[in-house]
Amino acid sequence: MTAYYNEIEPFAAQWLRNLIAAGHIAPGVVDERSIEDVTPDDLRGFTQCHFFAGVGVWSLALRRAGWPDDKPVWTGSCPCQPFSAAGKGNGFADERHLWPAFFHLISECKPGVIFGEQVASKDGLGWLDLVQADLEATNYAVGAVDLCAAGFGAPHIRQRLFWVADSDNQGRERLRRCESVILPERREDAERHTVSTAVAAHIWDEWQAVTGADKNPRMLPSDFGKRTDEPTGRVGKLRAYGNAIVAPVAEEFIRAYMLITEE
């Protein structure tokens, strides 16, 4: 067992177990408790820890970027609803603002590398300011990039902030190069993207063929978007798809980090 997955939604948690059994994501265990109930002792012995794990796309993206399952890393896409333009706008007062619980575990366990993602709204940028301040006060270097899924072959926009924290605080300026390492044409592709009827059909099954950094098609595993033990459950699937990160975007962000840290 190398990975720990924390996911409170039962449907997504079982989906994770199916993906682990099918070999699509790093082997490990799934914990359905709230992150607020997780203690640092619970995480001892795990090489990778994925919080707000959804359906394991961070693990999939790490593998595709060439990050081995036995290489330590933490990931966490904190709930976006408090900071989304489509939400109630409660921001830091929203009970789903769970960064404090995530940061408590980070500050106690001191993982070497952390990847995360958040909605790229005005409030999302305010959230990122808090995250950067907390992490840098704990001697992490932090880098972030605002990326659009349409620049990576997806038929929808899904603008998101991708960030990485490194316990090597001397690497702050180096991490800020993440944005310049992401291929410029990705931004150009996103700017040329025109919203069409494809946006209404952006569920994973509709765009399994996506393009990687090397311009070769990258297919999601045929059963990645399915609950193998329960073919129905439309609401559960839509919740999982809606909360998931876009794998090719995360993959290239991870590649950018690996490139600048290996120089």
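Residues numbered from 1 in each chain as written. Predicted model: local features only at pLDDT ≥ 70, side-chain atom pairs only at ≥ 80, totals over all residues. Heavy atoms only, no water.

*Asks:* Sorry if this is basic, but what is going on with the overall build of the chain here?
*Replies:* Of regular secondary structure, the chain possesses nine helices and nine strands. Within the chain, the proportion of its 263 residues that are buried is 52%. Within the chain, counting contacts between residues at least 6 apart in sequence, those at least 24 apart form 76% of the total. Entry remark: accessible area of the chain is about 11,900 Å², with carbon and sulfur atoms responsible for 51%. (Helix = DSSP H or I, 4+ residues; strand = E, 2+ residues; numbered from the N terminus. Buried < 20%, exposed > 50% of the residue type's maximum accessible area, 1.4 Å probe, protein only. Contact = heavy atoms within 4.5 Å. Areas by Shrake-Rupley, 256 points an atom, 1.4 Å probe, with all protein chains shown as cover.)

*Asks:* Would you mind showing me how to read helix α1 (residues 10–22) here?
*Replies:* Each full turn of the α-helix corresponds to 3.6 residues, which orients residues three or four apart in the same direction. In this model α1 runs 18 Å from its N-terminal to its C-terminal C-alpha over 13 residues, within 8% of the 18 Å that 1.5 Å per residue would give. When we look at burial in α1, the residues that qualify are Phe11, Ala12, Ala13, Trp15, Leu16, Asn18, Leu19 and Ile20. Backbone geometry just after α1 places glycine 23 at a positive phi near 85 degrees. (Expected span 1.5 Å × (residues − 1).)

*Asks:* Looking at this model, I keep getting lost on the nonpolar core. Mind explaining?
*Replies:* Within soluble globular proteins, side chains that are nonpolar tend to cluster in buried spots. Counting residues in each nonpolar core, the largest one holds 45 residues, and the members touching the most others are Tyr5, Trp67, Phe115, Ile254 and Tyr257. Residue assignment for this core shows that the elements contributing at least two residues are β1 (3–6), α1, α2 (57–65), β5 (113–119), β6 (141–148), β7 (159–166), α8 (234–243) and α9 (247–262). With eight residues, the top contributor of residues to this core is α9. Once residues lying within four places of it in the same chain are set aside, the contact partners of isoleucine 254 are Trp58, Ala61, Leu62, Ala65, Trp67 and Phe115. (Core = buried A, V, L, I, M, F, W, Y, C linked by side-chain atoms within 4.5 Å.)

*Asks:* When you look at unusual backbone geometry in this model, what are you seeing that I'm missing?
*Replies:* Where the residue is not glycine, phi is negative for most of them; where a peptide bond is considered, it is trans in most cases. The phi torsion at phenylalanine 52 lies on the positive side, around 50 degrees, for a residue other than glycine. For phenylalanine 52, the location among the structural elements is in the loop between β3 (48–51) and α2. Among the residues examined, phenylalanine 52 registers a relative accessible area of 18% and is labelled buried. Positive phi values are uncommon outside glycine, yet asparagine 139 reaches one of about 70 degrees. With respect to the helices, strands and loops of the structure, asparagine 139 is situated in the loop between α4 (122–137) and β6.

*Asks:* Explanation requested: the state of the cysteines in the structure shown.
*Replies:* Two cysteines, two sulfur atoms, one covalent bond between them: this is a disulfide. Using the criterion set out here, one finds zero disulfides in the structure. Left unpaired, cysteine 49 is separated from the closest cysteine sulfur, that of cysteine 109, by 7.2 Å. Cysteine 109 gets classed as partly exposed once you look at its relative accessible area, which sits at 26%. (Disulfide = S-S within 2.5 Å.)

*Asks:* What is the right way to read the packing of helix α3 (residues 99–109) against α4 from this model?
*Replies:* Following both chains from N to C, one finds α3 and α4 inclined at 20 degrees, their axes separated by 11 Å at the closest point. Our classification of the angle between α3 and α4 gives roughly parallel. In this structure, the crossing between α3 and α4 has a hand that is right-handed. Contacts between α3 and α4 pair Trp99, Phe103 and Ile106 from the former with Trp127, Leu130, Val131, Asp134 and Leu135 from the latter. In terms of residue class, the contact of α3 with α4 is built from seven nonpolar, no polar and one charged. (Axes fitted to C-alpha atoms, helices over the stretch in contact; angles between N-to-C directions. Parallel < 35°, antiparallel > 145°, perpendicular 65-115°, else oblique. Left-handed = near helix turned anticlockwise from the far one by under 90°. Nonpolar A, V, L, I, M, F, W, Y, C, P; charged D, E, K, R; others polar.)

Note that all results are geometric; they support no functional claim without further evidence.
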